[in-house]
Amino acid sequence: MIANIHEEHARLLRRLGSLTKAFAARADGYDRTASFPKEDFDDLFAAGLHAPTAPREYGGLGLGPLQGNTYVLWRMTRLLATADLSLARCWEGHANSMVLLDAMASSGQKERWFRGVVERGETWVAWSGEPKPGKGETRRIGTHVRREGDDWIVDGTKIFATSANGANWAILLVDSAGPGGARHSESPETVFMLACDLSDPSISVDGSWWDPIGMRATVSHLVRFHQTRIPDANRIGEPGAYMREGWQTAFIPHYAASFLGAAEAAYREALQYIAQQDKSSDPYVQQRVGAMSVAVETADLWLQHVADLWDRGPRAEAQLAGSRARHVVEHLALQTVEHCIRACGARCLIRPSPVERILRDLSFYVRHDNDDHILATIGRARLGKAHDLSFYKP
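This write-up is about the structure you can find in this document. None of these values were measured; they are calculated from a predicted model.

**Examining the pattern of salt bridges**
Consideration 1: Counted according to the given criterion, the structure contains 34 salt bridges.
Consideration 2: For the salt bridge of Glu 238 with Arg 235, the shortest nitrogen-to-oxygen distance reads 4.0 Å.
Consideration 3: Note on Arg 235: relative accessible area 21%, which makes it partly exposed.
Consideration 4: What you see here is one network of salt bridges that share partners, running through Asp 28, Asp 31, Arg 32, Arg 351, Glu 356 and Arg 360.

Right under this line is the structure:
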């Protein structure tokens with residue numbers, strides 16, 4: 001199945017493609033300083049590309065798993081990832097947040113929040129991260145939330161908070177039963193979502209712990225909420241809806257689109273280097289190029305397949321296929337980068353070669369979920385056993 005992209009969407013992709021050279025040129029600076037790619041988001045807004053998954057009736061582009069044309073959205077993400085995988089991750093969070101607003105926000109909420117995105121370039125993100133403390137850890141991790149009149153009071157911390165000092169709004173996935181967010185909730189029906197204005201002075205960002213090997217420009221800092229008051233009017237949907245309806249499964253293949261973009265960037269760098277060094281007659285280099293070509297095309301076909309399922313409507317099939325694609329594309333992308341390095345040698349791992357950053361970013365980002373758990377979940381589904389396609393819990 002080869003995607004049939006309408007001319008309107010082809011123009012959109014060309015418009016985005018024209019920006020990626022500037023994005024790639026800035027990527028090294030954002031990586032070295034661990035800074036949010038604000039200029040890139042400003043350019044996306046100026047080009048009319050900032051609201052990809054907002055419905056057309058609210059001024060958006062009308063893409064994604066609720067609006068149809070899911071593959072076009074993932075192609076956009078892939079393009080961004082060829083320039084900068086950290087940028088693509090921040091974009092994913094923004095685009096996926098608008099999917100959640102489209103799915104569960106009221107008409108009044110949509111009118112208010114989509115207007116901010118379309119007219120003022122506001123950036124959104126969704127945060128759940130509240131890892132459980134390890135044995136012997138006494139440091140408080142996670143949020144507590146309580147109702148007080150017409151407001152919710154949020155107190156505590158979230159970590160891995162992507163776009164922490166770059167986003168304007170965050171969808172907070174919180175659990176009224178206690179810390180844990182969505183991933184570690186003991187009772188999915190107590191998990192709900194609050195839209196939080198990040199300009200609130202009761203919120204502070206702590207970037208001191210964020211010194212990772214890769215994905216540095218996602219600025220996925222620790223965020224503290226100091227008795228932050230959020231009106232109930234900012235509650236999105238009903239408690240338990242995120243978990244019951246499996247919305248995490250709509251975003252899992254979106255990660256794979258970013259993986260593929262990073263792999264494609266490495267493939268392009270390899271082809272350019274091989275041509276410059278006149279290594280195309282080396283039979284081992286030829287094999288590496290062949291393997292990269294097959295890997296990139298195979299990954300793209302997987303994404304087309306899953307996007308088609310989301311657009312046509314067999315949701316259960318799309319959810320399982322998304323996990324399969326996520327697993328397959330992770331390995332194809334990592335293999336592609338390895339082939340690039342083998343074909344080009346150690347020189348490609350020395351700055352200013354972007355392959356050095358691609359290797360670090362991709363190696364870090366694929367740890368977003370544990371691939372062992374993903375594959376075991378796919379096996380459990382095949383065997384007819386209970387399984388969790390959102391967070392891959394045993």
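**Let's talk about unusual backbone geometry**
Consideration 1: With omega at 15°, the peptide bond leading from Arg 351 into Pro 352 counts as cis.
Consideration 2: For Pro 352, the position within the fold is in the loop between helix 9 (315-344) and helix 10 (354-365).
Consideration 3: For Asp 278, which is not a glycine, the phi torsion comes out positive at approximately 55°.
Consideration 4: Along the chain, the position of Asp 278 falls in the loop between helix 7 (248-276) and helix 8 (283-312).

**A word on helix 2 (residues 38-46)**
Consideration 1: Turning to helix 2, its buried residues are Asp 40, Phe 41 and Leu 44. Buried residues of helix 2, seen end-on, are gathered within an arc of 95° and therefore sit on one face of the element.
Consideration 2: Of the surrounding secondary structure, the elements contacted by the buried residues of helix 2 are helix 1 (7-33), helix 3 (70-83) and helix 4 (85-104).
Consideration 3: Phi turns positive, to about 75°, at Gly 48, one or two residues after helix 2.

**Here we look at the sheet that holds strand 3 (residues 151-161)**
Consideration 1: Taken together, 4 strands build an open sheet; the order of strands is 2-3-7-6 and the sheet is antiparallel. Strands with a single pairing partner mark the edges of an open sheet, and in this sheet they are strand 2 (143-148) and strand 6 (203-206). Ignoring which end each strand starts from, the neighbouring axes of this sheet average 10° apart.
Consideration 2: Pairing of strand 2 with strand 3, which is carried by 6 bridges, proceeds in the antiparallel orientation. Within strand 3, the residue paired with Val 145 across the bridge is Val 154.

Scoring rules and cut-offs
For every chain, the first residue of its written sequence is number 1, and the numbers climb from 1 along that sequence. Side-chain atom pairs in this predicted model are given and counted only at pLDDT of 80 or more, local residue features only at pLDDT of at least 70, and totals for whole chains, interfaces and linings cover all residues. By convention in this description, side-chain values take in all heavy atoms of the structure and omit both hydrogens and water. In the sections that follow, a salt bridge refers to a side-chain nitrogen of Lys or Arg positioned within 4 Å of a carboxyl oxygen of Asp or Glu. Relative accessibility under 20% of the residue-type maximum defines a buried residue, over 50% an exposed one, and the middle range a partly exposed one, all with a 1.4 Å probe and only protein chains included. The secondary structure listing takes helices from DSSP runs of H or I that are at least 4 residues long and strands from runs of E that are at least 2 residues long, numbered from the N terminus. Relevant arc is that of directions from the helix axis to the C-beta atoms, nothing else. Here, residues are in contact when the closest pair of their heavy atoms is within 4.5 Å. Strand pairing follows a simple DSSP-based rule, namely that at least 2 bridges must link the two strands. Axis lines are fitted to C-alpha atoms, over the contacting stretch for helices. Their N-to-C directions set the angle, which ranges from 0 to 180 degrees.

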